[in-house]
Structure formats: structure tokens, C-alpha cells
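The lines below spell out each chain.
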Amino acid sequence: PDDPDIKEKDASDYISLTFLPYYEGLLMALDSMKKKGFSAKVYVYESDEDTLETLKILEKPEMAKMHLIIGPFFESSLKQVVTFSKKYNIKVVDPVSTSNNVLQENPNVFKAAPSIEMQLNQLAKYILTRYPSSPVIIVHNNKENEKENVSLFKSALSAELKKIGRQENDYKEVVYNSA
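All of these numbers come straight from a predicted model, not from anything done at the bench. (Residues numbered from 1 in each chain as written. Predicted model: local features only at pLDDT ≥ 70, side-chain atom pairs only at ≥ 80, totals over all residues. Heavy atoms only, no water.)

Caption draft 1: Highlighting the pairing of strand β2 (residues 91-94). Strand direction decides the pairing type here: strand β1 (residues 68-70) and β2, joined by three bridges, are parallel. Pairing of Ile69 across the sheet is with Val92, part of β2. For the handedness criterion, the β-α-β arrangement of β1, helix α4 (residues 75-88) and β2 is classed as right-handed. Looking at chain direction, β2 and strand β3 (residues 109-111) are connected through three bridges and run parallel. Note on β3: the bridge partner recorded for Val93 is Phe110. (Pairing = 2+ DSSP bridges. Helix = DSSP H or I, 4+ residues; strand = E, 2+ residues; numbered from the N terminus. Right-handed = clockwise from strand over helix to strand, strands pointing away.)

Caption draft 2: Geometry of the sheet that holds β2. In space, the three strands of this open sheet follow the order β1-β2-β3, with parallel pairing throughout. Each having just a single partner strand, β1 and β3 make up the two edges of the open sheet. Recorded for the sheet is a direction-independent mean angle of 20° between the axes of neighbouring strands. The strands touched by α4 within the sheet are β1, β2 and β3, with β2 carrying the most contacts at an inclination of about 160°. (Axes fitted to C-alpha atoms, helices over the stretch in contact; angles between N-to-C directions. Contact = heavy atoms within 4.5 Å.)

Caption draft 3: Summary view of the environment of Tyr23. Among the structural elements, Tyr23 can be located in helix α2 (residues 20-35). Through-space distance from the C-alpha of Tyr23 to that of Val44 is 9.4 Å; in sequence the pair is 21 residues apart.

Caption draft 4: Summary view of the pairing of strand β4 (residues 137-140). Only one face of β4 is buried: it carries Ile138 and His140, and the other face, with Ile137 and Val139, is open. In terms of strand pairing, β4 meets strand β5 (residues 172-175) through four bridges, oriented parallel. Within β5, the residue paired with Ile137 across the bridge is Lys172. (Buried < 20%, exposed > 50% of the residue type's maximum accessible area, 1.4 Å probe, protein only.)

Caption draft 5: Structural detail: unusual backbone geometry. Gly71 connects to Pro72 through a cis peptide bond whose omega is 5°. The residue Pro72 is located in the loop between β1 and α4 in this model. Positive phi values are uncommon outside glycine, yet Asn89 reaches one of about 55°. By relative accessible area, Asn89 is classed as exposed at 56%. Here the phi dihedral of Asn142 falls at roughly 60°; this positive angle occurs in a residue that is not glycine. Tracing the backbone shows Asn142 in the loop between β4 and α6 (144-163).

Structure representation (C-alpha cells):
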């Protein structure tokens, strides 16, 4: 019977399912490596943005003996893992964050996703490699949360323009309003 107090859950209600494809990809990579003679003991822990939960995981005796930690997927928990990794000299892969903050003063941390700054540098390089003599127009909405990225892109674009012998400010900028 239909009980009004019982709410049926969607897949989106289970945060773990969001990262299942990543985990499946990791298992496929491990399988490929196993066929080439590599063996690994894999531990899987579920954590979310709850830093207390992350601390409980890090207190497990096996954690200090890890060779590699992949994740977690949340920045607050990742910061704890990075601090822990520095203490025990454990390599950490940051799988999704585009922030470079976790790289600061820790050579054990590796990023799987490039930073926004790197993406914008590569975009500028791609545009001017592909279309070296074409006019460049930067279109943005001038919203506060976008200003830093626009500034980073303009700097990257200016540097690339200079490299190919064009004026550093040889681009147009258009600001539009959503209205």
C-alpha cells in the first residue's frame, strides 16, 4: 500500500552512486595492470563531506601503511587526507578537484583534473595555434564569480598573443547581461 510517510528514493539520493563510474574505471585499470603482473590490495572506504567520518577512516591502523590514496572526492575531507599523507609520506591522487590548493607544499599529491588556470592557459594556446591570425573576442557576463577566470584567461591570451608576434591586447572584450 501507498504510505504517505515513506518517500521513495531516487538514485540521486545516494551520493555514493555519483562516484560509481569512477570506481568502476579504477577496477578496470587494476584488472589491466593485473594482467601485466601488477598486484594490489585495495581498500575502499565511503566518506562524504563529513570530516569526522574522514578522521575515523584515517585512524584505522592500515591507513598509515598505504602506498597510495585516491580521493576523497570532497575538498574538506581531501584536505585532511593530504595533511595525513604528508605525515606518513603517502601518495594521494585528487580525482576531481580543479583547485591547486592541495598541491601546496606537498610533493605527494597528484591531480587527475587540471586546474582552471591550466585549462584556460591551454584554451588560449589552442585558439591561437588553430587560428593565429583570427580576431579573438572574449564574451562574458562580468559576474563577480567569473571575474577571476576572465582575468586568468586574458593573461593567458595576452601571453600567447605575444609569443606569436601579435600585440598583447589584440582581442576584443564584450560584456553582456542576461537580460
